[in-house]
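Structural overview
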Amino acid sequence: MSTASTPGAVRDAADGPGTTGPPDAADRRSSGTATAYLLYVAGKLGGAVVSLVAVLVTSFFLFRIIPGDPVKAMTRGVPTSAEQLATMRRQFGLDLPMWRQFTDYCADALTGDLGTSYQFHAPVGELIGEKLPATLLLMGVAAVIYSALGLWLGTRSAWHNGGLGDRINTGVALTLWSVPSFWLGLLLIIVFSVGIGPIPGMFPTGGMSSGSSSGFGYVTDVAHHMVLPVVTLVAVGYAQTLLVMRSSLLDEMGSDYLTTARAKGLRDDLVRRRHAVPNALLPTVTMVFINLGHVAAGSILVETVFSWPGLGGLFYQALSVPDLPLVQGLFVVFAGAMILMNLLADLLYPLLDPRVGR
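Conventions and cut-offs
Residues numbered from 1 in each chain as written. Predicted model: local features only at pLDDT ≥ 70, side-chain atom pairs only at ≥ 80, totals over all residues. Heavy atoms only, no water. Helix = DSSP H or I, 4+ residues; strand = E, 2+ residues; numbered from the N terminus. Expected span 1.5 Å × (residues − 1). Buried < 20%, exposed > 50% of the residue type's maximum accessible area, 1.4 Å probe, protein only. Arc of directions from axis to C-beta. Contact = heavy atoms within 4.5 Å. Polar contact = N/O pair within 3.5 Å; in protein donor to acceptor, adjacent residues only side chain to side chain. pLDDT = per-residue confidence, 0-100. Phe/Tyr/Trp six-rings, centres within 6.5 Å; stacked < 30°, edge-to-face > 60°. Axes fitted to C-alpha atoms, helices over the stretch in contact; angles between N-to-C directions. Parallel < 35°, antiparallel > 145°, perpendicular 65-115°, else oblique. Left-handed = near helix turned anticlockwise from the far one by under 90°. Nonpolar A, V, L, I, M, F, W, Y, C, P; charged D, E, K, R; others polar.

The next subject is helix α7 (residues 164-177). Over its 14 residues, α7 extends 20 Å from the first C-alpha to the last, a length consistent with the 20 Å expected when each residue adds 1.5 Å. When α7 is considered as a whole, its buried residues turn out to be D166, T170 and A173. Considered in projection along α7, the buried side chains sweep an arc of 65° and stay on one side of the axis. Those residues of α7 that are exposed and aimed more than 90 degrees away from the buried face are L164 and R167. Turning to α7, the residues buried within the fold contact α6 (124-159) and α9 (216-252).

This is the structure in structure tokens:
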């Protein structure tokens, strides 16, 4: 009963094997659909590869236009002769012509070698591997919460468009979306960490743990430290998902197949859950996968404000020098995560809507 009320089901019923045409017509259609999907996948993979190459090129030149000398920045306040400065530049490869630095960088990057950090004197890959779990923990928890919250509230707001709940949800979402994350984080620290007047602080001002516990106590300690940064990320992040889901669902609500579903006696919640929401998911799926890309990229401002030991804070440290190998490696990881998530979203689209990729 439910499948016949959607556009996809009507189309599939018209093309089914029980209709007119020889039996091999369905086979030809199936073969053509598979070929079209493979071409679609190949095109998306090719686009992702081109994007990764563009990221490699951009990451090299982008951070070299930043004013400042890494060698002088690392020796600031330390008596250093001109010969010592020249030796350090030679050690870091900064004395080579720009084209030679670029070709060496590309050759190393294609083999997985992101270079050695100037300030930490350690391979960039190892530094990223050490900080990545903290970022995945913080951003992963926040992304799951604000994606689920945005989808749920966006669906309810669109379905009850113009009601009191819709006006409240939309107003709050627009307000929080316009709030800078670092400002909101500082405000939460003042209110809930430092305390106001007789109200004591309830949460730590920063860090990932106090370092004085183990086992289950360590888990609760980390969770306690995560509350404020997660609240900051959720407050700013859920608004975008809510607004996109609300807009997509509003576009679907006037469709004929929803009217048909109601006329056949389906309850309102079934019409929403089985028909309207699945057809409104494509734009929101893109948003969710972009949020998943941010899980690996982290949040530079939030991690810096809360002194969270993740990739965002590491990027801020590297940018202050600038530590060219480290900022380049982090940029490639951040952009690569976004490209990968967009690719996965593109490959998922045909499963949600068979019309995509044909």
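With that settled, consider the side chain of D323. Mapped onto the fold, D323 is located in the loop between α14 (311-319) and α15 (324-352). Of the residues examined, D323 reaches a relative accessible area of 0% and is grouped as buried. A polar atom in the side chain of D323 sits 2.4 Å from the side chain of S117. Those residues within four positions of D323 in sequence are excluded, and the remaining contacts are S117, Y118, Q119, F120 and A318.

In this model, the protein carries a mean pLDDT of 78, and residues with pLDDT of at least 70 account for 84%. α6 holds the highest mean pLDDT among the elements of the protein, 88, whereas helix α1 (residues 7-14) holds the lowest, 41.

Glancing now at the packing of aromatic side chains. Applying the stated criterion across every chain, the model contains 5 aromatic pairs. With a centroid separation of 5.2 Å and 35° between ring planes, the pair formed by F61 and F102 is classed as tilted. Linking F61 in helix α2 (residues 23-62) with F102 in helix α5 (residues 98-110), this pair joins segments that are 41 residues apart in sequence. The exposure class assigned to F61 is partly exposed, which follows from its relative accessible area of 39%. Each residue in the set F60, F61, F102 and Y105 is aromatic and connected to the rest through ring pairs, giving one cluster.

What follows covers the packing of α7 against α9. In contact at an axis separation of 8 Å, α7 and α9 are set at 130° when each is read in the N-to-C sense. By the angle class used here, α7 and α9 are oblique. Regarding α7 and α9, the two cross each other, and that crossing is left-handed. The segment α7 lies against α9, with D166, N169, T170, V172, A173, L174, L176 and W177 engaging A235, V236, Y238, A239, Q240, L242, L243 and R246. Tallied by class, residues from the contact of α7 with α9 come to 11 nonpolar, 3 polar and 2 charged.

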